[in-house]
Each structure stands twice: as structure tokens, then as C-alpha cells.
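# A look at the structure
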Amino acid sequence: TTTARILARALNYKKDGIDQPTIDVREEGEHCRAIMEGRHVDVIEMDAASHTGIDNMREILDSVRYAPAIARYKVYIIDEVHMLSTHAFNALLKTLEEPPAHVYFIFATTSPQKIPDTIKSRCQRHHFKRLENSEIAGRLEFICKKEKVKFEADALRLLARKADGSMRDGTSLLDQCVTASGSNVTATAVRGILGLIDQEKILALVDAIASGDATSPLRLLDDAI
């Protein structure tokens, strides 16, 4: 959804003589802040999980024919689009076949296989991959330095691994750890807050298993639990 907003911002960029779509949106333009905060009149966001019916889709399709109020394009961002009903998809199909020149639809979904082929065949499709742990850890380090939070590199690596490819989850976990540890994010604190097992205990368990001793691994496992 954030990427959809960035695309809407690029399509409607206007600043210092630049009045056309551009990929260079490093500086804040006339419409940028309102779009990124989800309050721009010409960038309409809808959560399909709670607006699944054909009536909700008709409201959108009735407004499509009207020109943008202040921006260059009207952009409709539909989140979790796979949740729309069959009737809603059918109503949307004709507009996707012949969209007005001033309108863009952006569909976001975690389950593309649930979207009808008739819809997918009329869209550009872009796959998003999980972020690397190093990318997440690097961003968390940037945030800590910006917020003047003390941290250990190992702690940030643990948070990045726990985030499992999601930057949003990573920053949320960091926020929890900062609150709980008093602005000193250490590896020990992170393990305690997230309920992670110390690496030394894991290595000891592996050594015990490798040695063929039947009782030591069970004793170590019981201690960890």
C-alpha cells in the first residue's frame, strides 16, 4: 500500500516547473504530503476486506468518470483486492477494459491466485520479495542513530531475522524493544523481550545431539523451556 501511494505521488508530481509524471520524487511536491498521509482528494483508498460487495464497487465506478479535482490523475488504491466478490469483479471488468485517460487503478494483494484471470490479464503485475536481513538491520540502525537510541549490532540482527523480510514488522519490534529496555537495545534484552533462546544454548544442544548422548539433549531442552 505504501508503494501504491509512492506511485500515485510520482504520477501526480508537481514542483518547481515539473508538472508531469516523474520517478524523481526525492523532494516534496505540491501533492506529496497529502498522498502519503492518505488524505488526498484524488487518491482514493479502499480496503476490499471490509468493502467486498458490488454496491461498494458501484460507488467507485460512478466517480471514475469525473475528472480529478486538483491533481493530474485520479488514483484508486484497492487493498487486499482478492477479497472482492465475483459480482464486484465483474462490475470492475468493463472499466478496466476501457479506463478513462485520467484514472489509474492500483491493486494490492497478498493472494494473487484468488484474483480472476480476466482481471489479472488486464493489469501489469509486479511481484514483491521479502527484504534481506541486512537491509532491515541497516534501516533499524539508521532509525536508532536518528532517534539517539543505544544499540548492539547483534540486537538489530536478531530483530531483522525475527521480522522475516518485513520492514514494518522490524520497526514495530524495534519500537517494542526500545520501550521495554529503556532506550538501550542489547542482544540480551531482545532475546528476553522476544522470547528467543541464547545462541550458546542452541550450540550446546547441537553438540549434545552430535555426541550421541540420549539424556543431555533432553535436559538442555527442558532447561530452555
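Our structure is the block above this text.
This write-up is about the structure you can find in this document.

### So, the pairing of strand E3 (residues 103-108)
Both faces of the sheet carry side chains from a regular strand, because those side chains alternate between them. Bridge analysis of strand E2 (residues 74-79) against E3 gives six bridges, and the strand direction is parallel. Following the sheet pairing, Ile78 is matched in E3 by Phe107. Between the parallel pair E2 and E3, the chain is carried across by helix H4 (residues 86-97), and the sense of this crossover is right-handed.

### Describing helix H7 (residues 153-163)
Turning to H7, its buried residues are Ala155, Leu156, Leu158, Leu159, Ala160 and Ala163. Those residues of H7 hidden inside the fold are in contact with helix H6 (133-146), strand E4 (150-151), helix H8 (167-181), strand E5 (184-185) and helix H9 (187-194). Looking at the residues trailing H7, positive phi occurs at Asp164, about 55°.

### Examining the packing of aromatic side chains
Considering all chains together, one arrives at three aromatic pairs under this definition. Plain terms: the ring middles of Tyr73 and Tyr104 are 5.1 Å apart, the flat faces sit at 90° to each other, and that makes the pair edge-to-face. Of this pair, Tyr73 sits in the loop between helix H3 (54-64) and E2 while Tyr104 sits in strand E3, and the two are 31 residues apart along the sequence. Classification of Tyr73 as buried rests on a relative accessible area of 17%.

### Here's the deal with the sheet that holds strand E1 (residues 43-47)
Pairing in this open sheet of three strands is parallel, and the strands run E1-E2-E3 from one edge to the other. If you trace the sheet from one side to the other, it starts and ends with E1 and E3, each paired once. Between one strand and the next, the sheet's axes are offset by a mean angle of 15°, whatever the strand orientation. Where helix H1 (residues 2-11) meets the sheet, its contacts fall on E1, E2 and E3, and the angle it forms with E2 comes to roughly 175°.

### A look at the pattern of salt bridges
By the definition in use, this model includes 13 salt bridges. Linking Arg58 and Asp55 is a salt bridge whose minimum nitrogen-to-oxygen distance equals 3.6 Å. With Arg58 and Asp55 both in helix H3 and three residues apart, the pair spans about one turn of that helix. With a relative accessible area of 45%, Arg58 lands in the partly exposed category. Judged by its relative accessible area of 53%, Asp55 falls in the exposed class. Of the charged contacts, one joins Lys201 and Asp223 as a salt bridge, the two residues approaching to 4.0 Å between their closest N and O atoms. With Lys201 in helix H10 (residues 199-210) and Asp223 in helix H11 (residues 215-224), this pair connects stretches of sequence that are 22 residues apart.

Calculation rules
- Residues numbered from 1 in each chain as written.
- Predicted model: local features only at pLDDT ≥ 70, side-chain atom pairs only at ≥ 80, totals over all residues.
- Heavy atoms only, no water.
- Pairing = 2+ DSSP bridges.
- Helix = DSSP H or I, 4+ residues; strand = E, 2+ residues; numbered from the N terminus.
- Right-handed = clockwise from strand over helix to strand, strands pointing away.
- Buried < 20%, exposed > 50% of the residue type's maximum accessible area, 1.4 Å probe, protein only.
- Contact = heavy atoms within 4.5 Å.
- Phe/Tyr/Trp six-rings, centres within 6.5 Å; stacked < 30°, edge-to-face > 60°.
- Axes fitted to C-alpha atoms, helices over the stretch in contact; angles between N-to-C directions.
- Salt bridge = Lys/Arg side-chain N within 4 Å of Asp/Glu carboxyl O.

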